[in-house]
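# Working through the structure, step by step
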Amino acid sequence: NDRLFVGLGGLATDVQTVDQLLKFRQNLYELREERQMSPKVFSNVLSNLLYEKRFGPYFIEPVVAGLDENNKPFLSGMDLIGAPVYTDDFVVTGTATGNMYGMCETLYKPDMEPEELFETLSQALLASVDRDALSGWGAVVHVITKDGVTSRELKGRQD
Amino acid sequence: FFSPTPLLSLTMARRYDASTTTFSPEGRLHQVEYAIEAINNAGTCVGILASDGIVMASEKRVTSGLLAPSKTSEKTYKLCDHAACTVAGLTADANILIDQARLRAGRYTYQYQEAIPVEQLVEHVCNYKQAYTQYGGLRPFGVAFLFAGYDSHHGFQLYQSDPSGNYSGWKATVIGANNQAGKSLLKTEYGAKPKSDDDDDAPEEMETEEDPAEEEIRVPDVTEALRLAVKVLSKTMDGTVPSPEKMELFTMTLAEDGEGCAHHILTEEESKKVVDDVEAEAASAGDA
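Conventions adopted
- Residues numbered from 1 in each chain as written.
- Chains lettered and ligands numbered in written order.
- Predicted model: local features only at pLDDT ≥ 70, side-chain atom pairs only at ≥ 80, totals over all residues.
- Heavy atoms only, no water.
- Helix = DSSP H or I, 4+ residues; strand = E, 2+ residues; numbered from the N terminus.
- Buried < 20%, exposed > 50% of the residue type's maximum accessible area, 1.4 Å probe, protein only.
- Contact = heavy atoms within 4.5 Å.
- Areas by Shrake-Rupley, 256 points an atom, 1.4 Å probe, with all protein chains shown as cover.
- Pairing = 2+ DSSP bridges.
- Axes fitted to C-alpha atoms, helices over the stretch in contact; angles between N-to-C directions.
- Buried area = accessible area lost by both parts, 1.4 Å probe.
- Salt bridge = Lys/Arg side-chain N within 4 Å of Asp/Glu carboxyl O.

Before going further, it helps to spend a moment on the overall build of chain B. Helix and strand counts for chain B stand at 8 helices and 10 strands. In chain B, which comprises 288 residues, the share counted as buried stands at 42%. Put simply, 64% of the contacts in chain B that link residues at least 6 apart link residues at least 24 apart. Total accessible area computed for chain B in this model is approximately 15,700 Å², and 52% of it derives from carbon and sulfur atoms.

Below, the discussion takes up the sheet that holds strand β10 (residues 261-265) of chain B. Residues and elements named next belong to chain B. Spatial ordering of the open sheet is given by β8-β1-β2-β9-β10, a layout of 5 strands whose pairing is antiparallel. Strands with a single pairing partner mark the edges of an open sheet, and in this sheet they are β8 (172-175) and β10. Direction aside, neighbouring strands of the sheet carry axes that sit 10° apart on average. Across the sheet, helix α5 (residues 179-189) touches β1 (45-50) and β8, and the angle it forms with β8 is around 165°. Packed on one face of the sheet, helix α7 (residues 222-236) meets β1, β2 (53-59), β8 and β9 (247-254) and runs near 20° to β2.

Take the interface of chain B and chain A next. Contact residues are listed per partner, giving 11 residues for chain B and 8 residues for chain A. Counting each side, the surface lost to burial between chain B and chain A is near 970 Å², with a carbon and sulfur contribution of 59%. When the area that chain B buries against chain A is broken down by residue, the three leading residues are Arg102(B), Leu103(B) and Tyr110(B), summing to 52%. Counting the contacts that link chain B with chain A gives 1 salt bridge.

The next subject is the pattern of salt bridges. Residues and elements named next belong to chain B. This model, assessed by the stated rule, comprises 13 salt bridges over all chains. Linking lysine 231 and glutamate 189 is a salt bridge whose minimum nitrogen-to-oxygen distance equals 3.1 Å. Here lysine 231 is found in helix α7, whereas its partner glutamate 189 is found in helix α5, with 42 residues between them in sequence. A relative accessible area of 29% places lysine 231 in the partly exposed class. Accessibility expressed as a relative area gives 27% for glutamate 189, which makes it partly exposed.

The next thing to look at is the sheet that holds strand β4 (residues 84-87) of chain A. Residue and element names in this part refer to chain A. Here we have 4 strands laid out as an open sheet, ordered β1-β2-β3-β4, and antiparallel in their pairing. Here the strands that pair on one side only, and so sit at the sheet edges, are β1 (4-10) and β4. Strand-to-strand twist in this sheet, taken as the mean axis angle between neighbours without regard to direction, amounts to 15°. Inspection of the sheet shows strand β2 (residues 60-67) paired to strand β3 (residues 73-78) by 5 bridges, in the antiparallel sense. Directly across from valine 63, in β3, lies its bridge partner glycine 77. Helix α1 (residues 12-33) contacts β1 and β2 of the sheet and is inclined by roughly 155° relative to β1. Helix α2 (residues 39-52) rests against β1, β2, β3 and β4 of the sheet, and its axis sits at about 165° to β2.

Turning to unusual backbone geometry, a few remarks are in order. For Glu34(A), which is not glycine, the phi torsion reads 55° and is therefore positive. One non-glycine residue with positive phi stands out, namely Gln113(B), at about 55°. The exposure class assigned to Gln113(B) is partly exposed, which follows from its relative accessible area of 46%.

A separate point is the pairing of β3(A). The side chains of a regular strand alternate, residue by residue, between the two faces of the sheet. All names here are of chain A. Counted along the chain from β2 to the antiparallel partner β3, the turn is 5 residues long, and its residue asparagine 71 has a positive phi close to 60°. By the bridge criterion, 4 bridges tie β3 to β4 in an arrangement that is antiparallel. Bridging across to β4, methionine 78 finds its partner in proline 84. Counting the residues between successive antiparallel strands, the hairpin from β3 to β4 contains 5 residues, one of them, glycine 82, with a positive phi of roughly 95°.

Remember that the coordinates give geometry; whether it matters functionally is a separate question.
Have a look at this one:
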């Protein structure tokens, strides 16, 4: 929904499958409970889903980001078998995680406004992928606020 | 389709009605017929197919003033983005079937990445119900449904299903208490041209002149269908005056942004307005 995003990085076919599975679970939840799934619950559903395949996992490393019922931000990252990490600053996944952890640690400040957050995130991301051979080819940034989502495409090195 | 009358052969029936899976000598399944009887004591549901959507009106039976007001709905349930249903009969039985329907719709979408065609969803639920009339020595579900749905193949559709697992598509129908009265009212009123003040006599002349087979049924729009549904419901309900608190009015139309369907259970205010319109119409027709 428009206050909950999940980033699925990894094997493309598993990205698609997990995306479809999540939609199925989320849909069923909303029909039965007659309310939207909160990010924390969604993160747990995803974590369970991945651990069910503990000995033949989906090759994805997801990130969940969203606003809960009180408009408080929620972040979580997971490995491919569903081990979650909940933070209140940043989560990273992909091939360039080393770079990204470095960039985020340096550039991050708590309580940034949406505009500054966008700038910080974009700089961290672009700098990280530029130095990683397996990452790149552009980026999309979504900034989620209680009033809506703003999505912007970044122009990066196409190599 | 026959109307079940167990009274005729009550003594004979007694030997064959204990098990669902046994036919009676007359070739009937008595348990199924008893299940249908159970529904005839339940809150009425009216469904009407309109040109731009579907209307379902249900009678809410409030058994006690102490009952905590239910959060959302007690008669109407959303099955998926493009289908919903109303229930007449045992709520507990209905909950199982509704969950089945939701799962089926979700799994279909997961497998085909497409919306399940409405008839397929209905057939799935009905096949599930049918299994309880043939296997296992279990009793049938005491529920009848009105399914409202939209798909790209056949547009808006209205289906009725009963405990036997039988289903059929309708332009307008009634289930639950007093459904015969409701159905006969629908027969005359559905597709009838709206009366204007000065031609009260004219429509009847016109109808006898035209060949009934060629006469076109004019499909009402959702607003008109809502009024008709309220009219039918007030006829089948016990009280003389239709009251908005006892009715649950539901419409399904295409969403304004073109993506999917809009399911709308009318608020008490909106329901009141429809009821007022119907009463005003009845009053003016009475005066004319």
